[in-house]
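# Per-entry structural report
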Amino acid sequence: MSAPLLYHSPAPFALDLGGTLPGVDIAYHTYGTLSEARDNVVWVCHALTANSDVADWWPHTVVPGGFLDPSRWYVVCANIIGSCYGSTGPMSVNPATRQPWYGDFPRLTMADIARAHALLADALGIGRIAALVGSSVGGFQAVEWAVADPARFGRLVLIATGASASPWTVAIDETQRMAIKADSTWGEPRPDAARDGLAAARAIGLLTYRGPEGYNATQRDPDGLPAGALRRPVTYQRHQGDKLVARFDAYSYVAILDAFDTHDVGRGRGGRSAALARLGMPVCVIGLSTDIIFTPAEMRALADALPHAEYHEIASPLGHDGFLVEHGRLNSIINRFFNLTSPAGANDRQ
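Residues numbered from 1 in each chain as written. Predicted model: local features only at pLDDT ≥ 70, side-chain atom pairs only at ≥ 80, totals over all residues. Heavy atoms only, no water.

### Overview of the overall build of the protein chain
- When its secondary structure is counted, the protein chain shows eleven helices and twelve strands.
- Scaling as 2.2 N^0.38, a compact globule of 350 residues should have a C-alpha radius of gyration of about 20 Å, and the protein chain matches this with 20 Å.
- Along the first, second and third principal axes, the C-alpha atoms of the protein chain reach 60 × 55 × 40 Å.
- Intrachain contacts of the protein chain at a sequence separation of at least 6 include 74% that bridge at least 24 residues.
- When the accessible surface of the protein chain is totalled, it reaches about 14,100 Å², and 55% of it is carbon and sulfur.
- If the 28 positive side-chain charges of the protein chain are averaged to one point and the 34 negative ones to another, these points end up 2 Å apart. (Helix = DSSP H or I, 4+ residues; strand = E, 2+ residues; numbered from the N terminus. Rg over C-alpha atoms; globule rule 2.2 N^0.38 Å. Contact = heavy atoms within 4.5 Å. Areas by Shrake-Rupley, 256 points an atom, 1.4 Å probe, with all protein chains shown as cover. Lys, Arg positive; Asp, Glu negative; His and termini not counted. Charge placed at Lys NZ, Arg CZ, Asp CG, Glu CD.)

### Regarding the packing of helix α4 (residues 167-181) against helix α7 (residues 250-261)
- For the pair α4 and α7, interaxial distance at closest approach is 10 Å and the crossing angle is 155°. Put simply, α4 runs roughly antiparallel to α7. Crossing angle aside, the handedness with which α4 passes α7 is left-handed. Of α7, the residues touching α4 (which contributes T169, V170, D173, Q176, R177, I180 and K181) are A250, Y253, V254, L257, D258, F260 and D261. (Axes fitted to C-alpha atoms, helices over the stretch in contact; angles between N-to-C directions. Parallel < 35°, antiparallel > 145°, perpendicular 65-115°, else oblique. Left-handed = near helix turned anticlockwise from the far one by under 90°.)

### Side note on the layout of surface pockets
- Of the volumes computed, that of the largest pocket is approximately 790 Å³.
- Broken down by secondary-structure element, the contributors of at least two residues to the lining of the largest pocket are α1 (54-57), α4, α5 (195-218), α6 (232-247), α7 and α10 (322-325).
- A breakdown of the residues in the lining of the largest pocket according to their chemical character gives 19 nonpolar, eight polar and seven charged. (1 Å grid on protein atoms, 1.4 Å probe; cavity = no way out; pocket = protein on both sides within 12 Å on 5 of 7 lines; lining within 4 Å. Points joined across faces, edges and corners; volume = space filled by probe spheres on them. Nonpolar A, V, L, I, M, F, W, Y, C, P; charged D, E, K, R; others polar.)

### Re the pairing of strand β12 (residues 309-314)
- For β12, the tally of buried residues reaches five of six residues, placing the bulk of the element in the interior.
- Here six bridges tie strand β11 (residues 283-288) to β12, and the two strands are oriented parallel to one another. Counterpart to G287 in the pairing with β12 is E313. (Buried < 20%, exposed > 50% of the residue type's maximum accessible area, 1.4 Å probe, protein only. Pairing = 2+ DSSP bridges.)

### Quick word on the sheet that holds β12
- Pairing is mixed across the open sheet formed by eight strands, whose spatial order is β1-β4-β6-β5-β9-β10-β11-β12. On the outer flanks of this sheet lie β1 (5-9) and β12, each paired with one strand and no other. Within the sheet, the average angular offset between the axes of one strand and its neighbour, ignoring direction, is 20°.
- Two elements, strand β10 (residues 153-159) and β11, share four bridges in a ladder whose sense is parallel. Along β11, the bridge assignment pairs I159 with I286.
- Against the sheet, helix α2 (residues 110-123) makes contact with β1, β4 (24-31), β5 (41-45) and β6 (74-78), and its axis sits at roughly 65° relative to β4, the strand it touches most.

### Some thoughts on α7
- For α7, which comprises twelve residues, the first-to-last C-alpha distance of 17 Å matches the rise-based estimate of 16 Å (1.5 Å per residue) to within 8%.
- Of all twelve residues making up α7, twelve are buried, and the element is well covered by its neighbours.
- The complete set of buried residues in α7 reads A250, Y251, S252, Y253, V254, A255, I256, L257, D258, A259, F260 and D261.
- In this structure, the buried side of α7 is in contact with α2, α3 (137-148), α4, α5 and α6.
- By the N-cap criterion, in which a side-chain oxygen at the helix start approaches the backbone nitrogen of a residue two or three places on, α7 is capped by D249, the distance to Y251 being 3.0 Å. (Expected span 1.5 Å × (residues − 1). Polar contact = N/O pair within 3.5 Å; in protein donor to acceptor, adjacent residues only side chain to side chain.)

### A word on the environment of L124
- Structurally, L124 is set in the loop between α2 and β9 (129-135).
- Once residues within four sequence positions are removed from consideration, L124 is found in contact with Y28, R38 and V76.

### Structural notes on the pairing of β4
- Counting buried positions along β4 yields six of eight residues, so the element is predominantly enclosed.
- Examined bridge by bridge, β1 and β4 share five bridges and lie antiparallel to one another. The residue bridging S9 from the neighbouring strand is V24, located in β4.

Take a look at the structure:
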C-alpha cells in the first residue's frame, strides 16, 4: 500500500445513531488527472478490510485498458471512517481522553460513511461524478450515497452487493462478532486486543467469501496424504487469520461489521423500492455465479428494482471473492458500460 493523502475536517461530524465525532480525518488515494471540465471522476468505494489504495487490492484494474484506467479517468478512493488505514476510527485518538477510542468509538451507519465520502468530494472540489463503483460493503456505500444524492452521479456500478443487509449477512457478521468477543482480551484498551478472536472471525468470514466451490478448487490435499498430516484447508484458515491480524484490529473490524448491519437504503425513504426508484442513472449490476453472500438471484432482483439497470453474471468458482480476481471479465463489462451513450433500458442478462 502506498501512502495515502489526508483530508482533515475540524468541524463536528454528527452521527446517525447519536453522538458526534469532533472532526474527521479521511485518508484517500487518487490516480490519473482531473480534466479541465472536471467530468472524468470515477469514485471507488472499498470493501470491509481494504484501504484507499485501489491499485493495491484490486489488481489489473488501475491499468491501461482497465475500467479504472488512469489515462482516461481521475480515480478517487477514500478509506472509510471506522477503518484503520488513516481515516478516523477506533485507533484514532479521542481528543476528550487523549487516548485511542478503542471500544468506545461511537457506532456508525452506512449513511455516516457515505456522508464522509461526500464531505471529501466537496473538499476536493468534485461536484459531478461520472461513475460511482462499489463492490461488497463498498456497494452498500455506493448505493446509499447514490440514493442520498442521485443528481451527483452519471453512472453506478454495483458488484456483489445489495440495497440492504439481509438476515443471512447479518447472521454472518454476528457469528464473527461472537468469535471476537469470546476472546478474553476483548474490551482491553490496547491495539492488539482480541487478536485470536479476530483471526477466528476472519476464518469464519473466508468460508462465506469462497464457499464450497472455491475451497474445493483451491485447497484440496494431494492424493496419498498421510492420515495424521496437517490438512491444507487447516493451514490456509490459520494463515489467513494471521494475515489479517497483522494488518487490522478487532475494534475497527467490529465497528465496520456494526455499520454493515445498519444498511437499508429504504429506511426513512418509503421502503427500498421507493428509494431505488430515485436512481434514474444507468446502473450496471454484476453478480458472481457461486457467491453465497449476495446470491445471483438477489443480484438479479436488485437489477430488476432499478429503473435503468443491466445485469451481468460472471461465472467464477471463487464465490464472493471472485470480484477481486475476475478482473478480465470485469474490465470487459464495465468498460463497455462506461462507453454507453444512452441509458440502459431493460435488464440485460448474460
